[in-house]
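# Structural overview
The residues making up each chain are set out below.
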Amino acid sequence: MNNSIKAIAGIISCCALWGCKPTPVVDKITLPQDVLASCTITKTTFDTWFASGKAEPNGLVLPANSVTFPHQNNCDFYQWSENMFLWLTSPNGSKYGSGNTVLESPIFYDVLPEGADKKRRLQPHTGSSALRMTSHITKDGPNRLPVIIDKLGRMLEVEEPAPKTKALVKSAAANGPVEVDHVSLDTKGAFVFLDKNGKAIDHPQAIIRHKLNQKNIVEKFTVGDRSVFLDAAGNQVQSEAGQATGDVLMAQNGSLVYYLTMVNDVYAWFLTGAENGKLASNEFPTTQGALDSIITYAKAHNVTLPDSNALAMELKTSWVEASSLPNPGDYVTVMAIIPTYNTTNPKQWVPNGEKTVKMALVGIHIVGSAANHPEMIWATFEHQSNTPNALYQYLDVNKKVKTVPQDTGKNWLFSSNALDPAYNVSHMTNVDKNFNSTDTITADSGFTITASNTLAALPWGSAKDSVTNQEDKSSAASNSEIISINNVIRGFLSNDDVRKNYLLIGATWTQGGAAPTGGVYGLNGTAPGVSIGTSVLANSTMETYFQQPKYSCFTCHSSSVPSLNPDSISHIYGLIQPLITLHDTMNKKKK
């Protein structure tokens, strides 16, 4: 102990004399090295991922061939995920033209926020323009309505009364709908619904207009600055007990987390052709024939698709300002335009401009179609210093269950106390009282605009003591596959390859590419359509406050009538303006 103190004192004295910078103290996820090797690849196969034919530090990786994707077991999906991550974060070189990394290159488009017409537009990547990020991510339910989490942990979609009409409810004492004139509070603070005569409505029940998943939809009524949510059975959920989903996340170093959604060229031209009636639009492309049609359509508009075998891809990414990090060299970085804020009011930050800065990648969802999987593969990665893990189990080389206790430490990017019992509590939102997404950041009740402590509550996308897919008979077995492939990939990457600092958290899909039902394997049965793989997958920077063992990616990316239609799978697909419209084409021909 005394020797350790002397050594530290010596280092401090040396630094004082010579001006050296001490190594920054950061916490990191440590992977078990005695894990069962249940998901691996050979070094020979790994080398084929690289454009040069051999693994090189920060070398250019080729995308996984999604057209010939084997899809024989879980490990195939995890290998696809690792391959795609290494490709996207590869230095671009000269293959794709401009852009520091592949995801910045011209084969990807930024999906801009909604305009006044409620449409989202695709912004091509060029060498002269920085990426454009936003400080919030809004999650919608299957009906594309905002959602809340009630005190029972249920995710409920919120329906507003029809515009310019009085709200109507059912009543136990009336044969038809009753008009709600206003809502008040009684002496005990309970909500009372009153008709136009000022009489209390007996057991009011919401009349839900949306047809999908009606039992999980509530209607919103407001009294002053308080809101109540009423469901079709007459149950009330008060907003103080619920959590809205326009949450804003801040790192412990004070940097807001910024987000950017992108799609690749195949996705963009598939959508454009489908919207113009030139391509089949019933599902995302998964076959060579479907891809050939997209290539031909793009070529007719003088566009080539250089890595089309990647098929259709949608990316959701999260970032912090690189200058706020003690070790920015350990991160994939890009230049981006981000909003700036007037921060003088600790309860509300109002945007006051923009700035162009270097941003560091902390999380990424990689979503892509592949052979026999039009529901798409949903994979997620995080930086190793993001968030402490909760307790989890794995299988060792002797197939014995081992338990890894919850991480400790106070130097995580998103936690200053890994053992804080009040973890994953939102401190701020960008959603106003009418559930409209805004650029203003407002503190949640009882908080100021500050960082919260985040915990990865479901490490590796699996709930303890559960079965997450049809191959792995336990959570420990499922976790072992993810830990195993992470160990193998990190072992093949050199220490100076920045991509080695990122971890695959997991990937999910449905059995045989069935239309997703929104259910979770085991919890909601085992029939095709429930999520499998790491079936309760979440990214701590994007689903921070949605980490529960009953939610998966398909909880929201599905419909009550299971469908593989792209608009049912993707929340952005139906909102994106095509690259060109049929009207544009007709006008061009006339000229």
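Residues numbered from 1 in each chain as written. Predicted model: local features only at pLDDT ≥ 70, side-chain atom pairs only at ≥ 80, totals over all residues. Heavy atoms only, no water.

## Some words on the pattern of salt bridges
What counts is decided by this rule: One speaks of a salt bridge when a side-chain nitrogen belonging to Lys or Arg is within 4 Å of a carboxyl oxygen belonging to Asp or Glu. Using a 1.4 Å probe on the protein chains alone, a residue whose accessible area is under 20% of its type maximum counts as buried, one over 50% counts as exposed, and one in between counts as partly exposed.
Applying the stated rule across the entire model yields eight salt bridges. Two residues, D396 and K402, come together in a salt bridge whose shortest N-O distance is 3.9 Å. Residue D396 is classed as buried on the basis of its relative accessible area of 6%. Residue K402 is classed as partly exposed on the basis of its relative accessible area of 34%. Here K464 ties to D465 by a salt bridge, and the two come within 3.1 Å at their closest N and O atoms.

## Things to note about the state of the cysteines
Covalent bonding between the sulfur atoms of two cysteines defines a disulfide. Convention followed: Two cysteine sulfurs form what is called a disulfide whenever their separation falls within 2.5 Å. Each helix corresponds to a stretch of at least 4 residues labelled H or I by DSSP, and each strand to a stretch of at least 2 residues labelled E; elements are numbered beginning at the N terminus.
For the structure shown, the criterion picks out one disulfide. Each sulfur of the disulfide joining C39 and C75 lies 2.1 Å from the other. Its S-S torsion of approximately 85° makes the covalent link between C39 and C75 right-handed. Residue C39 is found in the loop between α1 (2–18) and α2 (43–48), and its partner C75 is found in helix α3 (residues 74–88); the two are separated by 36 residues along the sequence. The exposure classification of C39 matches that of C75, with both residues buried. C553 takes part in no disulfide bond, and the closest cysteine sulfur, belonging to C556, lies 9.3 Å away. The exposure class assigned to C553 is buried, which follows from its relative accessible area of 16%.

## Description of the side chain of S535
Worth spelling out the cut-off: Polar contact criterion, stated in full: a pair of N or O atoms within 3.5 Å, where within protein one must be able to donate a hydrogen and the other to accept it, and residues adjacent in sequence count only if both atoms are side-chain atoms. By definition, residues are in contact when any of their heavy atoms lie within 4.5 Å.
Along the chain, the position of S535 falls in the loop between β25 (531–533) and α7 (553–556). For S535, a relative accessible area of 1% puts it in the buried group. Within the local environment of S535, its side chain forms a polar contact with the backbone oxygen of T468, the two atoms lying 3.2 Å apart. Those residues in contact with S535 that sit more than four places away from it in its chain are G461, T468, T508, V520, Y521, Y551 and S552.

## Looking at α3
Which entries qualify depends on this criterion: One fewer than the residue count of a helix, multiplied by 1.5 Å, yields its expected span.
Taking 1.5 Å of rise per residue, 15 residues should cover 21 Å, and α3 covers 22 Å from first to last C-alpha, within 8% of that figure. The buried count for α3 comes to 15 of 15 residues, which makes it a mostly enclosed element. Two or three places before C75, at the opening of α3, N73 has a side-chain oxygen 3.1 Å from that residue's backbone nitrogen.

## Notes on the nonpolar core
Filter applied, for reference: The set of buried Ala, Val, Leu, Ile, Met, Phe, Trp, Tyr and Cys residues whose side-chain atoms join them within 4.5 Å is what this entry labels a nonpolar core.
In terms of nonpolar packing, the biggest core is built from 127 residues, with W87 and I366 touching the most fellow members. With ten residues, the top contributor of residues to this core is strand β18 (residues 348–370). Setting aside anything within four residues of it in sequence, one finds W87 in contact with V61, L62, P63, Y96, V102, I107, F108, D307, A310 and M313. Membership of the second largest hydrophobic core comes to 15 residues, among which are V169, V178, F193 and V228.

## Observations concerning the packing of α3 against helix α6 (residues 475–492)
Using the following cut-off: A fitted line through C-alpha atoms represents every axis, and for helices the fit uses only the stretch in contact; the resulting angles, taken between N-to-C directions, go from 0 to 180 degrees. Throughout this description, any angle smaller than 35 degrees is read as roughly parallel, any larger than 145 degrees as roughly antiparallel, any in the 65 to 115 degree range as roughly perpendicular, and the remainder as oblique. The hand of a helix crossing depends on one turn: near helix anticlockwise from the far one by less than a right angle means left-handed, and clockwise means right-handed. Any residue outside Ala, Val, Leu, Ile, Met, Phe, Trp, Tyr, Cys, Pro, Asp, Glu, Lys and Arg is labelled polar, Gly included; the first ten of those are nonpolar and the last four are charged.
Relative orientation of the contacting elements α3 and α6 amounts to 40°, with a least axis distance of 11 Å. Classified by the interaxial angle, the pair formed by α3 and α6 is oblique. As α3 runs across α6, the sense of the crossing is right-handed. Along its contact with α3, which presents N74, C75, Y78, Q79, E82 and L86, the element α6 presents E481, I482, I485, N486 and I489. Split by residue class, the contact of α3 with α6 holds six nonpolar, three polar and two charged.

## Some words on the packing of aromatic side chains
What counts is decided by this rule: Each Phe, Tyr or Trp ring, with Trp reduced to its six-membered ring, pairs with another whose centre is within 6.5 Å; inter-plane angles below 30 degrees give stacked pairs, above 60 give edge-to-face pairs, and intermediate values give tilted ones.
The tally for this structure, following the rule as stated, stands at 19 aromatic pairs. A connected cluster of aromatic rings, assembled from ring pairs, spans F46, W49, F50 and F492.

## Here we look at the packing of helix α4 (residues 265–275) against helix α5 (residues 288–299)
At a minimum axis separation of 9 Å, α4 and α5 run at an interaxial angle of 80°. As far as their axial angle goes, α5 and α4 are roughly perpendicular. Here V266, W269, F270, T272 and G273 of α4 come into contact with α5, specifically with L291, I294, Y297 and A298. Looking at the contact of α4 with α5 residue by residue, the classes come out as seven nonpolar, two polar and no charged.

## What about the side chain of S484?
Within the secondary structure layout, S484 lies in helix α6. Of note is the side chain of S484, whose polar atom sits 2.8 Å from the backbone oxygen of C39. Discounting residues that sit within four places of it in the chain, S484 has contacts with V35, L36, A37, S38, C39 and T40.

## Observations regarding unusual backbone geometry
The backbone phi angle of N58 is positive, close to 55°, even though this residue is not glycine. Looking at where N58 falls in the secondary structure, it is placed in the loop between α2 and α3. Exposure remark for N58: the relative accessible area of 27% places this residue in the partly exposed category.

## Observations concerning the sheet that holds strand β6 (residues 167–170)
Cut-off, in case you're wondering: At least two DSSP bridges between two strands are needed for those strands to be called paired.
An order of β7-β6-β10 is seen for the three strands of this open sheet, with the pairing classed as antiparallel. Of all strands in the sheet, those bounded by a partner on one side alone are β7 (178–180) and β10 (205–206). Pairing of β6 with β7 involves three bridges; the strand directions are antiparallel. Paired with L168 across the bridge in β7 is E179.

## Let's talk about the confidence of the model for the chain
Rule in force here: The pLDDT value tells you how sure the predictor is about a given residue, anywhere from 0 up to 100.
With 87% of its residues at a pLDDT of 70 or more, the chain has an overall mean of 87. Within the model, pLDDT remains below 50 along residues 1–14, and this stretch shows two contacts once partners closer than five positions in the same chain are excluded. Below a pLDDT of 50 lies the segment residues 239–244, which in the model reaches 15 contacts outside its immediate sequence neighbourhood of four places, other chains included.

## As for α4
With ten of eleven residues buried, α4 lies mostly within the body of the structure. Listing the buried residues of α4 in full gives D265, V266, Y267, A268, W269, F270, L271, T272, G273 and A274. Summarising the contacts, the buried residues of α4 are in contact with β1 (108–111), β2 (122–124), β15 (258–264), α5, β16 (313–321) and α8 (566–569). A positive backbone phi angle near 75° is found at G277, which sits one or two residues after α4.

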